[in-house]
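These are the residues of each chain, in order.
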Amino acid sequence: MKNILALDIAFGPASACLLRRDGNTFTADGADDRPHSQAIMPLLQSLLDESGLDWTDLDMLAAGVGPGSFTGLRIAAATLAGINSSLDLPLIELSSLAISAMQVEVEGDAPLFVVEDGRSGLAYCACYQGDRVIRADACLIWDKVRLLGPASYTAHRASKTELPGWTFSAPVISRAQAMAQLIASRAETLGDTASMPRFATPAYLIASQAERNVQSN
Amino acid sequence: MNILGIETSCDETAAALWQTMDGKGRILAEKVASQIDTHARFGGVVPEVASREHLAVLPILAQQVMQQAGLTWSELDGIAVTAGPGLMGALLVGTAWARGAACVNNIPVLPVHHMEGHLLAPGLDHELPPFPFVTLLVSGGHTLLVRVDGIGRYVQLGQTIDDAAGECFDKSARLLGLPYPGGPAIAKLAENGDAKRFALPRPMLNRDNLDFSFSGLKTAVMYAVHKMDDMDEQTRTDMAASVEAAICEVLVSKSIRACRQTGSKHLLIAGGVAANRTLRHLLETQSENSGISVHLPRPEHCTDNAAMIAYAAAKRLEKGLAFPDKWDARPRWPLEELSKT
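What you see as residue numbers is a count from 1 along each chain, following the sequence as written. The lettering of chains begins at A and the numbering of ligands begins at 1, in the order of writing. Note on the predicted model: pLDDT of at least 70 is required for a residue's local features to be given, and 80 or more for side-chain atom pairs to be given and counted; whole-chain, interface and lining totals, by contrast, use all residues. Excluding hydrogens and water, the side-chain figures rest on all heavy atoms present in the structure.

Asker: Describe the packing of helix α1 (residues 37–51) of chain A against helix α2 (residues 70–87) of chain A, and please don't skip the residues or the numbers.
Answerer: Residues and elements named next belong to chain A. Running from N to C, α1 and α2 cross one another at 55°; their axes reach a closest spacing of 11 Å. Taken together, α1 and α2 sit at an angle that is classed as oblique. Relative to α2, α1 is oriented so that their crossing is right-handed. Along its contact with α1, which presents Ile 40, Met 41 and Leu 44, the element α2 presents Ile 75, Thr 79 and Ile 83. Its residues placed into classes, the contact of α1 with α2 shows five nonpolar, one polar and no charged. A fitted line through C-alpha atoms serves as each axis, taken over the contacting stretch for helices, and the angle formed by two N-to-C directions is quoted from 0 to 180°. Numbering of helices and strands runs from the N terminus; a helix is a DSSP stretch of H or I covering at least four residues, while a strand is a stretch of E covering at least two. We call two directions roughly parallel when the angle between them is under 35 degrees, roughly antiparallel when it is over 145, roughly perpendicular when it lies between 65 and 115, and oblique otherwise. For any pair of crossing helices, the crossing counts as left-handed if the nearer helix is rotated counterclockwise from the farther one by less than a right angle, and right-handed if it is rotated clockwise. Contacts are assigned to residue pairs that have any heavy atoms within 4.5 Å of one another. Residues are grouped as follows: nonpolar covers Ala, Val, Leu, Ile, Met, Phe, Trp, Tyr, Cys and Pro; charged covers Asp, Glu, Lys and Arg; every other residue, Gly included, is treated as polar.

Asker: So, the pattern of salt bridges: which residues are in play, and what are the values?
Answerer: Here, a salt bridge means any Lys or Arg side-chain nitrogen found within 4 Å of an Asp or Glu carboxyl oxygen. On inspection of all chains with the given rule, the structure shows 22 salt bridges over all chains. The residue Arg20(A) makes a salt bridge to Asp22(A) at a minimum N-O spacing of 2.7 Å. Each residue is placed in one exposure class: buried if its accessible area under a 1.4 Å probe, protein chains only, is under 20% of its type's maximum, exposed if it is over 50%, and partly exposed if it falls in between. Given the relative accessible area of 18%, Arg20(A) is considered buried. The closest approach of N and O atoms between Arg99(B) and Asp328(B), which form a salt bridge, is 3.9 Å. Here Arg99(B), found in helix α3 (residues 88–104), pairs with Asp328(B), found in the segment after α12 (307–318); they are 229 residues apart in sequence, far enough to count as distant. Accessibility expressed as a relative area gives 11% for Arg99(B), which makes it buried. Here the salt bridges do not stand alone but share partners, grouping Asp163(B), Glu167(B), Lys171(B) and Lys218(B) into one network.

Asker: So what's going on with the side chain of His301(B)? Residues and values would help.
Answerer: All names here are of chain B. With respect to the helices and strands, the residue His 301 is situated in helix α11 (residues 299–302). Only 3.1 Å separates the side chain of His 301 from the side chain of Asp 125, close enough to count as a polar contact. Setting aside residues up to four positions removed in sequence, His 301 forms contacts with Ile 27, Glu 30, Ala 121, Leu 124, Asp 125 and Ala 307. Polar contact criterion, stated in full: a pair of N or O atoms within 3.5 Å, where within protein one must be able to donate a hydrogen and the other to accept it, and residues adjacent in sequence count only if both atoms are side-chain atoms.

Asker: Which residues make up α1(A), and what values go with them?
Answerer: All names here are of chain A. By definition here, a helix of n residues has an expected span of 1.5 Å times n minus one. For α1, which comprises 15 residues, the first-to-last C-alpha distance of 23 Å matches the rise-based estimate of 21 Å (1.5 Å per residue) to within 8%. Those residues of α1 not exposed but buried are Ser 37, Ile 40, Met 41, Leu 43, Leu 44, Leu 47, Leu 48 and Ser 51. Buried positions in α1, seen along its axis, are confined to an arc of 155° and lie on one side of it. Exposed side of α1, more than 90 degrees from the buried face: Asp 49 and Glu 50 are the residues found there. The arc under discussion is defined with respect to the helix axis, by the directions toward the C-beta atoms.

Asker: I'd like to hear about the domain arrangement of chain B, residue by residue, with values.
Answerer: Interface size is often expressed as the accessible area that is lost when the parts come together. All names here are of chain B. You can read the domains of chain B as domain 1 (2–120 + 303–340) and domain 2 (128–296). For the domain bounds, the source is a domain assignment made automatically or taken from a database. On a C-alpha basis, the centres of domain 1 and domain 2 stand 27 Å from each other. The interface of domain 1 with domain 2 comprises 22 residues on the first partner and 18 residues on the second. Per-residue buried area on domain 1 facing domain 2 is highest for Met 115, Leu 119 and Leu 120; these three make up 30% of the total on that side. Joining domain 1 to domain 2, the criterion identifies zero salt bridges. Applying the counting criterion to the domain 1 and domain 2 interface returns four residue pairs in polar contact (both at pLDDT 80 or more). Those elements giving two or more residues to the side of domain 1 that touches domain 2 turn out to be α1 (36–40), α4 (114–120) and α12. As used here, buried area is the combined drop in accessible area, with a 1.4 Å probe, of two parts when they are placed together.

In structure tokens:
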């Protein structure tokens, strides 16, 4: 096991976790309703303090790369890139929808959809069975999402009225805890760390409005 | 003292290393990645696109600057970052990166006002003149005249009441079928034009104040262009020269008036439009007649850059001026607030 620090700000407050080599896990979920650039470094520092580790004790970083709030994804990626400027650690990129899926307890390990509002009539959608990808993260119009069900799903921000007949499953563990579980399962299967990225690249899954306008003209 | 500067307020991603040693300062390394080509197809800066590109470029650029400077992270004394004003999403990339890098290396983050960077930018290339002096800050987003009484002591004398001069260049260029950014495109076309062919207005020149207005000039260009069914190449060239002359004459006249009214013998020019050759030439000839010394930064320090951010932070540190402990990216940040700290 390695010392791994992770951050995700895809859907509202920042969530962070630290996995220590001895198997202990430390988690923190930001209290702010919105990502707040002042709060993130103290949140990460508090995890290090709690774990008794220093920045230089870290072996690896992890980031929730989306999809989700563009600004949140960028703040997380930029913060970790700043941290990694001198540490030069390998970084695990995590799907923010996969983290959401890990927050839910599913009976019999059944597949679970994660559906989040992507604004402008779009939704981010994926299907997971535990940490296994059944349907990859995608940005779809709501009509296409509805055609995939009815099914069991979870969401942080999507309106329940968008998916009539679907069964909503509420998160039962914190986002930070779910992220720690996802990292623990991923860390076991990691190959050559030298070839891993050093900086997180947000998975926006959708072009900016201006780019879409140019494409449609 | 080694200060790493970071700038991501609009459409240039920049990093630079400023070193002060034995009372003398110098740029150890600097890099700017312009997004102009990216935004050209939109006819202006798209904030979301700008933010995405800043994130993709900044970590690499910062590493390159550190390598070029030959410094290790432990040799840094602080990270100066543009905290505002600017595009919120773009500012957040730079400030979040800076906070992370500073915390790990146990050095302070120094939030810098973008305008203060521009105001002091002439000091990057030459010794700053004695205080007080007048600075004309003229770019795509700003047109203002400031009296600089000292580091951190700024009095705004006038500003545009509508469009910035650079904006007027951009909009006029679009009317002439020229690409974004309009300033360089108009300047290039204007080289062979007759600036007297079109009698465009010189807005607010007859007013006694030091404010600017460029929206009326843009409208006059629009009417003149629409009146002509078909513009031949010479007409476009002459119109470009006429627009450039109108903008530059207003900027120069008001700047010299600002020096006269404040009794300043030194005029500094900063901002992207300060790279315009006609403006520089007009300033140099007219100021000489008025006994005013003009101080111009190198063209690469007229546009957004990180050396000016690191330099402004270094100057504030030298003067013992405080940086706030609690701060955030601020898309709007009145310059006058700096004088209260």
